[in-house]
Amino acid sequence: MTEKLSDTARDTMLAPLLEGGWEMVEGRDAITRTFKFADFADAFGFMARAAIWAEKWNHHPEWSNVYNTVKVTLTTHDVDGLSALDTKLARKMESLAS
Ligand SMILES: C[C@H](O)[C@H](O)[C@H]1CNC2=NC(N)=NC(=O)C2=N1
């Protein structure tokens, strides 16, 4: 069962992401990050790899792509806020983009 992140989990799981380049979305319990790549092929390759994990975990990003840029927003629609699935997918995206 997915639950909203507790205050403790926000300290342990969310804070490192916010220190590492993710930001809270104004007015929403959601995080966002813009990833830049060398070109469209790299950006789309990242999206393809991330999509496989998103589908495996049944947890899907809100995202957009323009050429070499992918803007990602993560939140859990089922709980109307951030859950551990968002921090898990954010960490996966970090490793896929690096
Ligand atoms: C029915 C299905 O399990 C749900 O709609 C899943 C699909 N992907 C999802 N993705 C995200 N980001 N949040 C959700 O709550 C969510 N729920």
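For the structure, see preceding data.
Residues numbered from 1 in each chain as written. Predicted model: local features only at pLDDT ≥ 70, side-chain atom pairs only at ≥ 80, totals over all residues. Heavy atoms only, no water.

**Section: the site of the ligand**
So, point 1. In the vicinity of the ligand, the contacting residues are Asn58, His59, His60, Thr75, Thr76, His77 and Asp78.
So, point 2. Thr75 is positioned with one of its backbone polar atoms (N or O) 2.9 Å from a nitrogen atom of the ligand.
So, point 3. Within the shell around the ligand, the residues separate by chemical class into no nonpolar, six polar and one charged. (Near = heavy atom within 4 Å. Polar contact = N/O pair within 3.5 Å; in protein donor to acceptor, adjacent residues only side chain to side chain. Nonpolar A, V, L, I, M, F, W, Y, C, P; charged D, E, K, R; others polar.)

**Some remarks on the nonpolar core**
Side chains that are nonpolar tend, in soluble globular proteins, to be buried together.
So, point 1. The biggest cluster of nonpolar side chains holds 20 residues, and the ones touching the most others in it are Trp22, Ile31, Phe46, Leu74 and Met93.
So, point 2. Of all elements in the fold, only helix 1 (7-19), strand 2 (31-36), helix 2 (40-56), strand 4 (69-74) and helix 3 (84-97) reach the threshold of two or more residues within this core.
So, point 3. Not counting the four nearest positions on each side in its chain, Ile31 is found in contact with Leu14, Leu17, Leu18, Trp22, Glu23, Met24, Val25, Val72, Thr73, Leu74, Leu82 and Ala90. (Core = buried A, V, L, I, M, F, W, Y, C linked by side-chain atoms within 4.5 Å. Buried < 20%, exposed > 50% of the residue type's maximum accessible area, 1.4 Å probe, protein only. Helix = DSSP H or I, 4+ residues; strand = E, 2+ residues; numbered from the N terminus. Contact = heavy atoms within 4.5 Å.)

**Observations regarding the environment of Glu94**
So, point 1. Position of Glu94 among the secondary structure elements: in helix 3.
So, point 2. When its relative accessible area of 25% is taken as the criterion, Glu94 is described as partly exposed.
So, point 3. Separated by 74 residues in sequence, Glu94 and Gly20 place their C-alpha atoms 9.3 Å apart.
So, point 4. Non-local contacts of Glu94, meaning those with residues more than four positions away in its chain, are made with Trp22, Arg33 and Phe35.

**Examining the pattern of salt bridges**
So, point 1. The final tally for this structure, using the stated rule, is three salt bridges.
So, point 2. Taking the shortest distance from any N to any O, the salt bridge between Arg28 and Glu62 comes out at 3.0 Å. Here Arg28, found in the loop between strand 1 (23-24) and strand 2, pairs with Glu62, found in strand 3 (residues 62-66); they are 34 residues apart in sequence, far enough to count as distant.
So, point 3. Judged by its relative accessible area of 27%, Glu62 is partly exposed.
So, point 4. Between Arg33 and Glu94 there is a salt bridge; the shortest N-O distance is 2.9 Å. With Arg33 in strand 2 and Glu94 in helix 3, the pair connects residues that are 61 residues apart, well separated along the chain. (Salt bridge = Lys/Arg side-chain N within 4 Å of Asp/Glu carboxyl O.)

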